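# Results of the structural survey
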Amino acid sequence: MTIKVKKAVIPVAGLGTRLLPATKTVPKEMLPIVDTPSIQYVVEEAFDSGLTEMIFVTARGKDSLEDHFDFAPELEQVLEQRGNTEMLEKLQSISTMIDVVSVRQKKPLGLGHAVLSARNLVGNEPFAVLLSDDIVDDPTPCVRQLLNIYEEKGESVVALRRVPRPDVKRYGIIQGREIEPRTHAIDAMVEKPDPKDAPSELAIVGRYVLHPDIFGCLERVKPGKGGEIQLTDAMADLNRQRKFYGYEFTGEHYDIGDKLGFVRATVAYALKRPDLAGPLKEFLRTIA
Ligand code: UTP
């Protein structure tokens, strides 16, 4: 069975309160990791995974995200006049790479509600969801790893990562059985459990490939923790009707919605740059 998934839903309507005051006027997805807004890493991951239609679920104050993937004629003209062809080509490739369509989430009622807001744009086909709070560095893009499973099994797949037990209270946690190396058949999911009740230490990270039946579940699900419509609750409902898989992805994961994760990603990505690695290592030695 080969099912081609084309659409990526990228929810960017959250308030980003953990990164205040930076996020008071700048969307957290536009904060740069070295010199590239985090949203671009995520869009490139989707594109490199073969997803061709990007759907942003946005909110007020997030227009710069769409602008980032559009042409910028005045800026491009200046770069051309200055002969900075390298940067000109870089900027133009971002704009030609993808077409973004967007839909507004009118109120920040949670991640589940954000995904439901994309229903009309997705239609009755499977789709991927990528959260820009999570950046994964691996030669095989994280969402591609999940798509490989969806294309084979035709059922929903979430990205999983093992976390220390005290941290389970920050994540959706699964109960499941490992059926192939790294692949788990999921029996149940619970949002932010108490560490003493958690069914495992396998946490759901912000990459999903979902069967379109998820929309019916999202419509039915009642507000959960924090009064928000939780995607995990809707996935748990879908899991009662259909098979659901989890995949322990390969790669280095950074939770950049959190201050320490953001700084870690900044240092790690800077150390990958040939022009920055040497002087940065030298600097880190002097302050460590
Ligand atoms: P978070 O739980 O990180 O919430 O959302 P947040 O508002 O973005 O950030 P904090 O916790 O206040 O710092 C996880 C993902 O779900 C999206 C966010 O944009 C992020 O990608 N989201 C969340 C929405 O699109 N809408 C919502 O109502 C809530």
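Residues numbered from 1 in each chain as written. Predicted model: local features only at pLDDT ≥ 70, side-chain atom pairs only at ≥ 80, totals over all residues. Heavy atoms only, no water.

Around the ligand sit 17 residues in total, of which Leu15, Thr17, Arg18, Lys28 and Gln105 are the nearest. Within the backbone of Arg18, one N or O atom sits 2.7 Å away from an oxygen atom of the ligand. Between the ligand and Asp133 there is a distance of 2.9 Å, counted from an oxygen atom to a side-chain nitrogen or oxygen. Protein contacts shield 84% of the accessible area of the ligand, which totals 570 Å² for the unbound molecule. Residue classes in the shell around the ligand are distributed as eight nonpolar, five polar and four charged. (Near = heavy atom within 4 Å. Polar contact = N/O pair within 3.5 Å; in protein donor to acceptor, adjacent residues only side chain to side chain. Areas by Shrake-Rupley, 256 points an atom, 1.4 Å probe, with all protein chains shown as cover. Nonpolar A, V, L, I, M, F, W, Y, C, P; charged D, E, K, R; others polar.)

Moving on to the pairing of strand E11 (residues 202-210). With nine of nine residues buried, E11 lies mostly within the body of the structure. Where strand E8 (residues 156-162) and E11 come together, six bridges link them in antiparallel fashion. Considered in E11, the bridge of Ala159 is made with Val205. (Buried < 20%, exposed > 50% of the residue type's maximum accessible area, 1.4 Å probe, protein only. Helix = DSSP H or I, 4+ residues; strand = E, 2+ residues; numbered from the N terminus. Pairing = 2+ DSSP bridges.)

Attention now goes to the pairing of strand E1 (residues 7-11). Counted residue by residue, E1 has five buried out of five residues, so it is predominantly covered. With burial as the criterion, each face of E1 is covered, one bearing Lys7, Val9 and Pro11 and the other bearing Ala8 and Ile10. Pairing analysis gives three bridges linking E1 to strand E6 (residues 127-130), with the strands arranged parallel. Its bridge partner lying in E6, Lys7 is registered against Phe127.

Before going further, it helps to spend a moment on the nonpolar core. Formed by 34 residues in total, the largest nonpolar core has its most connected members in Ile10, Ile39, Leu51, Phe56, Leu130 and Val209. Sorting the residues of this core by element identifies E1, helix H1 (38-48), strand E4 (53-58), E6, helix H7 (142-153), E8, E11 and strand E12 (244-248) as the ones contributing at least two each. Among the elements that take part in this core, H7 stands out by supplying six residues, more than any other. Beyond its immediate sequence surroundings of up to four residues, Val209 is in contact with Val5, Phe127, Ala128, Val143, Leu146, Leu147, Tyr150, Ser156 and Val157. The next biggest cluster of nonpolar side chains, apart from the first, holds 30 residues, and it includes Leu131, Ile214, Leu218 and Ala234. (Core = buried A, V, L, I, M, F, W, Y, C linked by side-chain atoms within 4.5 Å. Contact = heavy atoms within 4.5 Å.)

Counted under the stated rule, the structure contains 24 salt bridges. Residue Lys62 pairs with Glu29 through a salt bridge whose shortest N-O separation is 3.0 Å. Taken as a pair, Lys62 in the loop between E4 and helix H2 (63-68) and Glu29 in the loop between E1 and strand E2 (32-33) lie far apart in primary sequence, 33 residues in all. A residue is classified by how much of its surface remains accessible, and Glu29, at 2% relative accessible area, is buried. With a shortest N-O distance of 2.8 Å, Glu201 and Arg165 are connected by a salt bridge. Taken together, the residues Glu201 in the loop between strand E10 (183-191) and E11 and Arg165 in the loop between E8 and strand E9 (172-180) connect sequence positions 36 residues apart. Overall, the relative accessible area of 31% leaves Arg165 in the partly exposed class. (Salt bridge = Lys/Arg side-chain N within 4 Å of Asp/Glu carboxyl O.)

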